[in-house]
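Examining the three-dimensional arrangement
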Amino acid sequence: MTLPRRVRLVEVGPRDGLQNEARPVPVDAKVALIDALTAAGHAAVEAGSFVSPKWVPQMANTDQVMARIERKPGVAYPVLVPNKQGMNGAVEAKCEEIAVFTAASEAFCRKNTNCSIDESFERFAPVMEAAQKHGMRVRGYVSTVVACPYDGKVAPAKVAEVSARLFAMGCYEVSLGDTIGVGTPAECVAMIEAVAEKVPREKIAGHFHDTYGQSLANILAVMERGIAVFDTAVAGLGGCPYAKGASGNVGTEDVVYMLNGLGIEHGVDLDAVARAGRDICAALGREPASKVAQALKAKLAA
Ligand code: HMG
Ligand code: MG
């Protein structure tokens, strides 16, 4: 088994985690969460999105969040941007990194962003132009990389095609999202291998939702194939508002615990991230979905 010596974690809890909450989360709670995740050692914390507040009201205060977080040098605070209007918001908020997002299935792309996959790329063109002008780094997301809640199974070749377009367009990394968390290790490996024919492995990230409890197994399987960047959400928060029934991303605490056990470096302090998760869960009035967070509860309370 060959595993990477070091893994880079991208904390997506403040965006992917909170975008699905029934009630909007106050700016104060978001800022406290992002600052705590930075203090826990994360080098990338996805802070929000500049999308339509009619579509995702939970992200409507991203401009205020970006104005108030403590931006630690060397830490990236990417925000999701679907179109030129979102890019204007990101520029005004002085964001240094954005993420564009599309899908490998037409039906999900339309439900999520009201356009076809081709149209999503047409929207990205002015966004990329502005990113270059303002010196912003751009990450790319592909959703529904294993299956779509509307179209069913998705062919790895389709994921590879969309990923290659994002990479060719100038994304420094392509994050592959199992949006509804249905993938199992062999399927994820097959999908990654197809993408790796078109995008260098070191430019690929895994973004696993944990609906069927397969995330850790999927991460381990694709790490063996040379993938060393993973998106995780503190406390296992979240889901996508346009993928009914999908649960949160793999919990940051769960991934950190597994990486610690494997002796793989990642730079995140387990107790500190678990405390950040405990506090945001208290603010939301819920229990963490992360098993490791649950296991650490008594220790943190002591
Ligand atoms: P649309 O309705 O087609 O847009 O939405 P439009 O250009 O026709 O504009 C309609 C209205 O939206 C106008 O306002 C615009 O001003 C406004 P009105 O005149 O009606 O008052 N508008 C905006 N407002 C703020 N910011 C903007 C913006 N753009 C238009 N950027 C749009 C198209 C993409 C905007 C919409 O579909 C949308 O916001 N969708 C939200 C998608 C989203 O955030 N999904 C969740 C994130 S993706 C995800 O979770 C998956 C991921 O985690 C990976 C994985 O797990 O798979 C990344
Ligand atoms: Mg997601």
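In the block above lies the structure referred to throughout.
Residues numbered from 1 in each chain as written. Chains lettered and ligands numbered in written order. Predicted model: local features only at pLDDT ≥ 70, side-chain atom pairs only at ≥ 80, totals over all residues. Heavy atoms only, no water.

Attention shifts here to the overall build of the protein chain. What the protein chain contains, in helices and strands, is 12 helices and 10 strands. Here the C-alpha atoms of the protein chain give a radius of gyration of 17 Å, agreeing with the 19 Å that 2.2 N^0.38 yields for 302 residues. When its C-alpha atoms are laid out on the principal axes, the protein chain stretches across 55 × 45 × 35 Å. Within the protein chain, the proportion of its 302 residues that are buried is 57%. Nonlocal contacts in the protein chain, meaning residues at least 24 apart in sequence, comprise 75% of its contacts between residues at least 6 apart. As displayed, the protein chain has an accessible area near 12,500 Å², and 52% of this comes from carbon and sulfur atoms. For the protein chain, the distance from the average position of its 32 positive side-chain charges to the average position of its 34 negative side-chain charges is 2 Å. (Helix = DSSP H or I, 4+ residues; strand = E, 2+ residues; numbered from the N terminus. Rg over C-alpha atoms; globule rule 2.2 N^0.38 Å. Buried < 20%, exposed > 50% of the residue type's maximum accessible area, 1.4 Å probe, protein only. Contact = heavy atoms within 4.5 Å. Areas by Shrake-Rupley, 256 points an atom, 1.4 Å probe, with all protein chains shown as cover. Lys, Arg positive; Asp, Glu negative; His and termini not counted. Charge placed at Lys NZ, Arg CZ, Asp CG, Glu CD.)

As a further point, take the layout of surface pockets. Considered as a void within the structure, the largest pocket measures approximately 680 Å³ in volume. If you trace the largest pocket, you find 37 residues lining it, with Val51, Ser52, Val56, Pro82 and Phe101 closest to the centre. For the lining of the largest pocket, the secondary structure elements donating two or more residues are helix H1 (13-17), helix H3 (62-68), helix H4 (84-92), helix H5 (106-113), strand E5 (137-143) and strand E8 (173-178). Across the lining of the largest pocket, the residue classes tally to 16 nonpolar, 17 polar and 4 charged. As for the second largest pocket, its lining consists of 24 residues, and the residues nearest its centre are Asp210, Gly236, Ser247, Gly248 and Ala289. (1 Å grid on protein atoms, 1.4 Å probe; cavity = no way out; pocket = protein on both sides within 12 Å on 5 of 7 lines; lining within 4 Å. Points joined across faces, edges and corners; volume = space filled by probe spheres on them. Nonpolar A, V, L, I, M, F, W, Y, C, P; charged D, E, K, R; others polar.)

So, about the nonpolar core. Residues Ile98 and Leu176 are the most contacted members of the largest nonpolar core, which totals 92 residues. In terms of residue count, the dominant contributor to this core is helix H11 (residues 270-284) (8 residues). What Ile98 contacts, discounting residues up to four positions off in sequence, is Val79, Val81, Met87, Ala90, Val127, Met136, Arg137, Val138 and Arg139. By size, the runner-up hydrophobic cluster in this structure holds 11 residues, among which are Val12, Leu80, Phe101 and Ala233. (Core = buried A, V, L, I, M, F, W, Y, C linked by side-chain atoms within 4.5 Å.)

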